[in-house]
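Inside the fold
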Amino acid sequence: MSAHQKLYEGKAKILYTTDDPEILLTHFKDDATAFNAQKRGQIEKKGEINCAIATHLFKLLEDSGIPTHFIDQVAPNQMRVKSVKILALEVVVRNIAAGSLCQQTGLPVGKVLPTPLVEFYFKNDSLGDPLLTRDRLFLMELATPEQLNQLIDQALQINTILTAFFNRCQITLVDFKLEFGITATGQLILADEISPDTCRLWNQAETDPDRRVMDKDRFRRDLGNVEDAYQQVLERVLATL
Ligand code: UDP
């Protein structure tokens, strides 16, 4: 395969090959989708903002001992990453009830969970990314029991690191989605991105349930000022150690 061939185009990113088969180039797009791509739009500068936020957070995690696919940022909206085989799982960690958890359980939005909740969803658009049980996950061979333990362990460690970091940004990390991949040598590492597209982030200076939203819920729920919110997250992230 020649370099810079488009390998895959997703809703928010394009993956290209490079001269090195172990390395891929991720291009972050301004395109935004929600509700399984039924709602589509563009968020100006989102590609650059999310690439910069993801870069900062991947470096933070690597410095804290979490292996990730991140290599380096090579352009405002491009990063080089290790080539991995992505597990068909979305790993969601929740600290506060919101989104589908509230819709499916009746828990009130904003309820602080007694301990972080780790959930697994099947990454499959045509099935609507259904919530998985542990047994279904094994039945579908989406991960081995050893990988599942590693996923839970890594997800909880990442949550501890990111929650503390965002608190220093005066932002509450409500919930977020992670994706993991397997390297050529069989190592399980964090992949994809971490950004306001994949996290719920609430501004601690605001109590109003709409005004506090600094993430993709502004786009999902037509709350307005989406770019401003993403930019504000970036500024706080870059200003925080
Ligand atoms: N999420 C994501 N991609 C998805 C589904 C969820 O990044 O395909 C993130 C979402 O932004 C939120 C968390 O995972 O931070 C939990 O999402 P939830 O299950 O509540 O679903 P939603 O309300 O977004 O439909």
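Residues numbered from 1 in each chain as written. Predicted model: local features only at pLDDT ≥ 70, side-chain atom pairs only at ≥ 80, totals over all residues. Heavy atoms only, no water.

Surrounding the ligand, one finds 16 residues, the nearest of these being Arg94, Ser100, Asp175, Arg200 and Arg220. Between the ligand and Ser100 there is a distance of 2.6 Å, counted from an oxygen atom to a side-chain nitrogen or oxygen. Here Asp175 contributes a side-chain N or O atom positioned 2.6 Å from an oxygen atom of the ligand. Alone, the ligand offers 500 Å² of accessible surface; in the complex the protein occludes 78% of this. Breaking the shell around the ligand down by element, the ones donating at least two residues are strand 9 (89-96), helix 2 (99-105), strand 11 (171-182) and strand 13 (199-203). For the shell around the ligand, the per-class residue count stands at 5 nonpolar, 3 polar and 8 charged. (Near = heavy atom within 4 Å. Polar contact = N/O pair within 3.5 Å; in protein donor to acceptor, adjacent residues only side chain to side chain. Areas by Shrake-Rupley, 256 points an atom, 1.4 Å probe, with all protein chains shown as cover. Helix = DSSP H or I, 4+ residues; strand = E, 2+ residues; numbered from the N terminus. Nonpolar A, V, L, I, M, F, W, Y, C, P; charged D, E, K, R; others polar.)

For Glu141, which is not glycine, the phi dihedral falls at a positive 55°. By the element assignment, Glu141 lies in the loop between helix 3 (134-139) and helix 4 (145-168). If you check the backbone angles, Asp222 has positive phi at about 55° while not being a glycine. Looking at the element boundaries, Asp222 is found in the loop between helix 5 (217-220) and helix 6 (226-238).

If you look at the biggest cluster of nonpolar residues, it comprises 55 residues, and the most contacted ones within it are Leu89, Ile158, Leu162, Phe166 and Leu178. By residue number, the principal contributor to this core is helix 1 (residues 46-63), which donates 9 residues. Other than its neighbours up to four places away in sequence, Leu178 contacts Leu89, Glu90, Val91, Ala155, Ile158, Leu190 and Ile194. With 5 residues, the next largest nonpolar core counts Ile96, Val174, Trp202 and Val213 among its residues. (Core = buried A, V, L, I, M, F, W, Y, C linked by side-chain atoms within 4.5 Å. Buried < 20%, exposed > 50% of the residue type's maximum accessible area, 1.4 Å probe, protein only. Contact = heavy atoms within 4.5 Å.)

With respect to the helices, strands and loops of the structure, Thr198 is situated in the loop between strand 12 (188-191) and strand 13. For Thr198, a relative accessible area of 11% gives the class buried. Leaving out residues up to four positions away in the same chain, Thr198 has contacts with Asp175, Phe176, Lys177, Asp192 and Glu193.

Without other data, these values stay purely geometric and don't point to any function.
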